[in-house]
Amino acid sequence: MLSLSQRSLTQIETCVHCGLCLESCPTYRELGVEGDSPRGRIHLIRSLVQGLAEPDEAVLGHLDRCLACRACESACPSGVKYGAIIEEARDALEPRRQRRYWSSAVRRLFFRGVLPRPRRLRRIARTVRLAQRMGLDRLARRMNLLPKPVAALSEVAALPPVFGQDALPERLPAVGEARYRVALLTGCVMDVAFGPTNIATARVLAANGCEVLVPREQTCCGALPLHAGDRAAAAAMARRNIDVFLAAGVDFIIVNAAGCGSTLKEYDVLLAGDPAYAEKARQFVAKVRDVTEFLGEIDLVPPQGRVEADVVYQDACHLAHGQGIRLQPRKVLSQIPGVRLRPVPESDACCGSAGIYNLVQHELSLAVLDRKMEHIAAARPQIIVTANPGCMLQLRLGAKRHGLDVEVLHVVDLLDRAYGGKGAG
């Protein structure tokens, strides 16, 4: 039998199996299998809890194929928090999995030895960046030395010349009168893969009257281990971030990665059973804002520069479904002179990135991505804009697969250009 918290058990019983979630689920749309739908997975988890099923290969396969995109939460009339159910179920099932030694070792190293230590991650990233500059990645692809998923992403994942934490000062003063005091979460993957976007974010915030702090002792938000079934590792990261950011004494904690923001806003759930951190987690959560959420709700300083481009905005799942933020990014983009925002069908459908999903479920990830890119290609944009690092990498891969000559940027990259910055890309 599977043991879950009362909160998750209540959520499971809230599901009335109406099926309105089915067509919102990317894996169900692709596979047409009940077990690969939110309703089907909830039924499987309930059966595990009741001892009516065993976590065999078939059951685990259905649960592993879930993208955890939370589109079902937006569709659910009963308000079932499916994301919390699948995350806790994966964590509870992890000790019962029969992973190979090296697979378990890599998980421990990545989740507990690398992500919680940003300086170590940057050292590793510098080595990778050097290898890319020497062309070793291209050589490895030609010699078929890389696993297929890694090889595919390596073609669109050239690390930038500068990481955010290496370039940003600990304090960036506001331009003009200071209206807010904020702290920026630079993240782990975001900082090494999209350092210029972190720098652009800090510049945009400063341009809008923010004194920007960049705490050096911050760590990974914990989203990747949490989604992969290592709640203990995620909780340890959450405690460290809570201590660091609350000590900064800021008005808001700003995050520019949708997956990170969704996790940060649920620290109170993650640490609800921790008497030393439950209240501090609630205080922390009250301060967290996605950067597009923050910019969309303040009096934005009007950008003067023009960005003449046809633009498609792709909703990041954990922004639209996880945080309910849809209008603010579009509002920000609409205030950039020259931007022509083009609508696309299913703009809030998952692109198939989903943390490390595009590595561990590569073929299904590509099927989900191809559906997304067909809609985007029909709009004929010059720029694709989103709000999450995993989405940016996946959409760059999609553009390459579909032969699209487009830039893939973050919302703040485009806004930074309109303010006179270089943006990223």
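Conventions and cut-offs
Residues numbered from 1 in each chain as written. Predicted model: local features only at pLDDT ≥ 70, side-chain atom pairs only at ≥ 80, totals over all residues. Heavy atoms only, no water. Patch = residues over 30% accessible without salt bridge, like charges linked within 9 Å, V, L, I, M, F, W, Y side chains within 5 Å. Areas by Shrake-Rupley, 256 points an atom, 1.4 Å probe, with all protein chains shown as cover. Salt bridge = Lys/Arg side-chain N within 4 Å of Asp/Glu carboxyl O. Helix = DSSP H or I, 4+ residues; strand = E, 2+ residues; numbered from the N terminus. Buried < 20%, exposed > 50% of the residue type's maximum accessible area, 1.4 Å probe, protein only. Domains from an automatic or database assignment. Contact = heavy atoms within 4.5 Å. Buried area = accessible area lost by both parts, 1.4 Å probe. Pairing = 2+ DSSP bridges. Axes fitted to C-alpha atoms, helices over the stretch in contact; angles between N-to-C directions.

1. Digging into a nonpolar patch on the surface
And then number 1: Nonpolar side chains collect at one region of the surface, where Leu 130, Met 134, Leu 136, Leu 139, Met 143 and Leu 145 lie side by side and expose about 600 Å² of accessible area between them.
And then number 2: Mapped onto the elements, Met 143 comes out in the loop between helix 9 (136-142) and helix 10 (148-154).
And then number 3: Judged by relative accessible area, which is 48%, Met 143 ranks as partly exposed.

2. Topic: the domain arrangement of the chain
And then number 1: Domain boundaries assigned for the chain yield domain 1 (6-96), domain 2 (101-156), domain 3 (164-296) and domain 4 (303-418).
And then number 2: On a C-alpha basis, the centroid separation for the pair domain 1 and domain 4 is 27 Å.
And then number 3: The partner domain 4 presents 17 residues to the 15 residues of domain 1 that form the contact.
And then number 4: A combined buried area of about 1,200 Å² lies between domain 1 and domain 4, and 62% of that area is made up of carbon and sulfur atoms.

3. Notes on the sheet that holds strand 8 (residues 383-386)
And then number 1: With parallel pairing, the 4 strands of this open sheet are ordered in space as 7-6-8-9. The open sheet is flanked by strand 7 (339-342) and strand 9 (407-410), the only strands paired with a single partner. On average, each strand axis in the sheet is tilted by 35° relative to the strand beside it, whichever way the strands run.
And then number 2: Across the face of the sheet, helix 25 (residues 411-418) comes into contact with strand 6 (309-313), strand 7, strand 8 and strand 9 while running at roughly 90° to strand 9.

4. Regarding the pattern of salt bridges
And then number 1: Here the structure, examined in full by the defined rule, presents 34 salt bridges.
And then number 2: Glu 34 serves as the salt-bridge partner of Arg 39, at 2.8 Å between the closest nitrogen and oxygen.
And then number 3: By relative accessible area, which is 34% here, Glu 34 ends up partly exposed.
And then number 4: Here Arg 65 and Asp 36 are joined by a salt bridge, their closest N and O atoms 3.0 Å apart. A residue pair is termed long-range when its members are at least 10 positions apart, and Arg 65 in the loop between helix 4 (57-64) and helix 5 (71-75) and Asp 36 in the loop between helix 2 (26-31) and helix 3 (38-49) qualify at 29 residues.
And then number 5: Several salt bridges converge on common partners, so that one network encompasses Arg 306, Glu 308, Asp 310, Arg 340 and Arg 342.

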